[in-house]
Amino acid sequence: MGKYYESEVLELKEKYTDVICREIVSFLNADGGTLIIGVKDDGSVVGVTNIDETMRKISDVITTQIEPNPQDEIRSELKFENEKTLIFVNISKGSKNIYCQKKYGFSSAGCTIRVGTTCREMTPEQIKIRYEMNFIDTEYMLKKKSGYADLSFRNLKIYYTERGYHLDNASFEANLNLKNTDGDYNLLAELLSDRNNIPFIFVKFQGTDKSAISERNDYGYGCLLTTYEKIKSRLQAENICVSDTTVRPREDIYLFDFDCVNEAVLNALVHNDWTITEPQISMFSDRIEILSHGGLPRGMSEKQFYEGISKPRNATLMRIFLTMGLTEHTGHGIPTIISKYGKDVFEIDDNYIRCVIPFEPSVMSEYNKNVGINVGINVGLNDRLTKTEKAILTYLIENNDYTADELASRIHVTRRTIERSISRLQKKGKIERIGSKRNGKWSVIK
């Protein structure tokens, strides 16, 4: 047959080594290829002596060391040349979107791809895109028909436009998988529509149990991205800060770590089983609880959960949050929470995951004494904000789409008073306008 030369689709190995697993994964993630054992790098044929043992090791790699199982894509055969035996491992392009070495998981070390005559580690972005594609065909959110036939996506389109994406109205719904195979709007579309029937309750209780409710707000019934922004603004307002002025520089201590709570909320939104019901956020006098339904995604272990390995239940929804810059696919969310509060803040059940973030005792103590405290909008800004300005902030946290006329009606002042107050709030850096005057929305700044 002549001399062999390595190429994009041909890899030569003098004998079996553990690196063969990496080579097979690289071919699966590319366009396939052939691995020949018994040929030196320079192309000279040396043959394989321990044939049975080598074939057994190759079989073990294929069946136990690669995820997902690639048996249907690989065929091994013996060939003879110059009275020497060669093993040809013929690898087709993988039928799945991505493969990895099990011991490294879906990381750059585990996911490699054939480029020229070498194996290259895939970037986190490449892994993210390929991994999420595994779920699109089977994702229940894309199949389940919406309860509404007439949906609009004005807010969603504003989000995309603000992020610099050019939208083609003719293909917008198809590109975001908002319709099922029958052409009906699906559950994902309902979650992202301007108006829907999906609530999102934020409840404050007076003590450490649920015996007495002090406040109940519903931030749902609209685009989930808007719901998240409202919840985020509300949590920022609730995050009391105590300042220790006896030290230099001044030390600010917050009621809770906002980044951790924000990660818990994002995980609840993206990984929740929305066919059951919406996630729940409950605030007590000593803690905040974020509960999502459905337990761990299929195929994920608790160990993988704690390590931050991402197996999204709602991959398409996650991709939209990623595109909007609201979350990342680095898997750092859960480890971030654990590094601050430990594993015990998570309660994992077959039907739900609850994250319980305890409040900082020193801040709770100062709050109870009402000494030197900045309580979000309601207390810390009293000396700087008028009654109308505080009312505007409160309403905009609930709904950042309110117009000047709607605010005037709710606060019982004139439109001109609202416009002057909004102008002052903008100058003070308390609110900013996102998007155009006609189609944009307000953002309350912490």
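About the cut-offs
- Residues numbered from 1 in each chain as written.
- Predicted model: local features only at pLDDT ≥ 70, side-chain atom pairs only at ≥ 80, totals over all residues.
- Heavy atoms only, no water.
- Pairing = 2+ DSSP bridges.
- Helix = DSSP H or I, 4+ residues; strand = E, 2+ residues; numbered from the N terminus.
- Axes fitted to C-alpha atoms, helices over the stretch in contact; angles between N-to-C directions.
- Buried < 20%, exposed > 50% of the residue type's maximum accessible area, 1.4 Å probe, protein only.
- Contact = heavy atoms within 4.5 Å.
- 1 Å grid on protein atoms, 1.4 Å probe; cavity = no way out; pocket = protein on both sides within 12 Å on 5 of 7 lines; lining within 4 Å.
- Points joined across faces, edges and corners; volume = space filled by probe spheres on them.
- Nonpolar A, V, L, I, M, F, W, Y, C, P; charged D, E, K, R; others polar.
- Polar contact = N/O pair within 3.5 Å; in protein donor to acceptor, adjacent residues only side chain to side chain.

1. A few points about the sheet that holds strand β15 (residues 346–348)
Next up, step 1: Judged by pairing direction, the sheet is mixed, and its six strands sit side by side in the order β10-β9-β13-β14-β16-β15 without closing on themselves. For this open sheet the edge positions go to β10 (213–218) and β15, each flanked by a neighbour on one side alone. Sheet twist, expressed as the average angle between the axes of neighbouring strands with direction ignored, equals 15°.
Next up, step 2: Of the pairings in the sheet, the one linking β15 to strand β16 (residues 352–358) comprises three bridges and is antiparallel in character. Across the sheet, the residue bridging to E347 is R354, located in β16.

2. What about the side chain of S292?
Next up, step 1: Looking at where S292 falls in the secondary structure, it is placed in strand β14 (residues 287–293).
Next up, step 2: According to the relative accessible area criterion, S292 is buried, its value standing at 9%.
Next up, step 3: With sequence-adjacent residues up to four places away left out, S292 is seen in contact with A268, N272, P279, N351, Y352 and I353.

3. Considerations on empty space enclosed by the protein
Next up, step 1: Applying the stated rule across the entire model yields two cavities of 30 Å³ or more.
Next up, step 2: There is about 40 Å³ of room inside the second largest cavity.
Next up, step 3: For the second largest cavity, the full set of lining residues is L191, N196, I198, P199, F200, G220, Y221, G222, L224, T227 and W274.
Next up, step 4: Of the residues contributing to the lining of the second largest cavity, the split by class is seven nonpolar, four polar and no charged.

4. Description of unusual backbone geometry
Next up, step 1: Cis rather than trans, the peptide bond between E67 and P68 has omega equal to -10°.
Next up, step 2: Topologically, P68 is positioned in the loop between β3 (66–67) and β4 (74–81).
Next up, step 3: Unlike most non-glycine residues, N177 shows phi in positive territory, near 55°.
Next up, step 4: Structurally, the position occupied by N177 is in the loop between α6 (172–175) and α7 (187–192).
Next up, step 5: Overall, the relative accessible area of 23% leaves N177 in the partly exposed class.
Next up, step 6: Positioned with a positive phi, Y221 is a non-glycine residue whose angle comes to about 65°.

5. Looking at the pairing of strand β5 (residues 84–91)
Next up, step 1: β5 sits mainly inside the fold: seven of its eight residues count as buried.
Next up, step 2: As defined by bridge partners, strand β2 (residues 33–37) adjoins β5 across five bridges and the pair is classed as antiparallel. Bridging from a neighbouring strand, L35 pairs with V89 of β5.
Next up, step 3: Two elements, β4 and β5, share eight bridges in a ladder whose sense is antiparallel. Across the sheet, residue E81 finds its bridge partner in β5, namely K84.
Next up, step 4: If you look at the hairpin formed by β4 and β5, you'll find two residues sitting between the two strands, and N82 has a positive phi there, around 55°.

6. Details of the sheet that holds β2
Next up, step 1: As summarised here, the arrangement of the four strands in space is β1-β2-β5-β4, forming an open sheet in which the pairing is mixed. The two strands at the open ends of the sheet, each matched to only one other strand, are β1 (10–13) and β4. Taking the axes of each pair of neighbouring strands and ignoring which way they run, one obtains an average angle of 20° across the sheet.

7. A short note on the environment of D286
Next up, step 1: Counting through the fold element by element, D286 comes out in the loop between β13 (280–283) and β14.
Next up, step 2: Here D286 falls in the partly exposed class, since its relative accessible area comes to 27%.
Next up, step 3: Separated by eleven residues in sequence, D286 and T275 place their C-alpha atoms 31 Å apart.
Next up, step 4: When sequence neighbours within four positions are dropped, the list of residues in contact with D286 reads T208, P358, F359 and M364.
Next up, step 5: Within the structure, D286 has its side chain in polar contact with the side chain of R287 (distance 2.9 Å).

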